[in-house]
Amino acid sequence: MSESTERSISKIEEAKDKVIGAIAETMDLYGVTPAAANLYATMYFKDQMTLDEMRKELEMSKPSMSTSVRRLQEIEMVKKTFTRGSRKHTYVAEKNFFRSFMVFYCQMWEREIKMNMEAIEEAQEDLIDVIKDSSSTPGIVAEAKKYYDQLEESKTYYHWLEDLVASIRSGKIFEFLPKDQQD
């Protein structure tokens, strides 16, 4: 191999390492461990990898690697693929960052909406009970109404968040924020 070719290959590897490092560093936004982040970032530049290849390349323990792969599958950043003629499972990293963003954040926002709206509904039922209770003092009723109204106002945010999720899932958001915007 010529010196020029070796230099070019080295430059390519350096370029990949820069991106792998940056991706791994920022994957905490997706709620993954540094090991899972490193795995995803490494897989990003591969067509596909088996569990054995991942373990060898990243020098991860089998349990850590399996946990990382599972977590990345849960957030749809890695998919298990079928390779004809092979008994080993292969995995592919999601390379479309728009899709990764949309899947992950929509899942998180939907979880937030569900949990908080359920809590708000239950809390409002409790507050209505206090408001309707004839033994509640005027001060207690006023406090219950204040909190009921505060919770009612907070629903605006969760309805807006539902609309945001729907616009992302449908792709409508790209009418307002096109993917191909350049500086």
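Keep in mind it's a predicted model, so treat the numbers as computed, not measured.

Q: Can you break down helix H6 (residues 138-170) residue by residue, with the values?
A: With 33 residues, H6 should cover 48 Å at 1.5 Å per step; its first-to-last C-alpha distance of 48 Å lies within 8% of that length. Three or more residues of H6 are buried, namely Val-141, Ala-144, Lys-155, Tyr-158, Leu-161, Leu-164, Val-165, Ser-167 and Ile-168. In this fold, the buried residues of H6 make contact with helix H5 (97-132) and helix H7 (173-176). Gly-171, located one to two residues past H6, shows a positive phi value of around 85°.

Q: Requested: an account of the domain arrangement of the protein, with residues and values cited.
A: Structurally, the protein comprises domain 1 (3-95) and domain 2 (98-176). Here the C-alpha centroids of domain 1 and domain 2 sit 38 Å apart. Facing 11 residues of domain 1, the contacting portion of domain 2 comprises seven residues. Across the domain 1-domain 2 interface, the total number found is two salt bridges. Of the charged contacts in the structure, one is a salt bridge between Arg-99 and Glu-76, with a shortest N-O distance of 3.0 Å. Put simply, domain 1 and domain 2 have three residue pairs in polar contact (both at pLDDT 80 or more) between them. Taken together, the residues of the side of domain 1 that touches domain 2 sort by class into five nonpolar, one polar and five charged.

Q: Describe the side chain of Ser-136, listing the residues and the values that go with them.
A: Here Ser-136 is to be found in the loop between H5 and H6. Here Ser-136 falls in the buried class, since its relative accessible area comes to 17%. Excluding residues within four positions of it along the chain, Ser-136 makes contact with Val-130 and Val-141.

Cut-offs and rules
Residues numbered from 1 in each chain as written. Predicted model: local features only at pLDDT ≥ 70, side-chain atom pairs only at ≥ 80, totals over all residues. Heavy atoms only, no water. Helix = DSSP H or I, 4+ residues; strand = E, 2+ residues; numbered from the N terminus. Expected span 1.5 Å × (residues − 1). Buried < 20%, exposed > 50% of the residue type's maximum accessible area, 1.4 Å probe, protein only. Contact = heavy atoms within 4.5 Å. Domains from an automatic or database assignment. Salt bridge = Lys/Arg side-chain N within 4 Å of Asp/Glu carboxyl O. Polar contact = N/O pair within 3.5 Å; in protein donor to acceptor, adjacent residues only side chain to side chain. Nonpolar A, V, L, I, M, F, W, Y, C, P; charged D, E, K, R; others polar.

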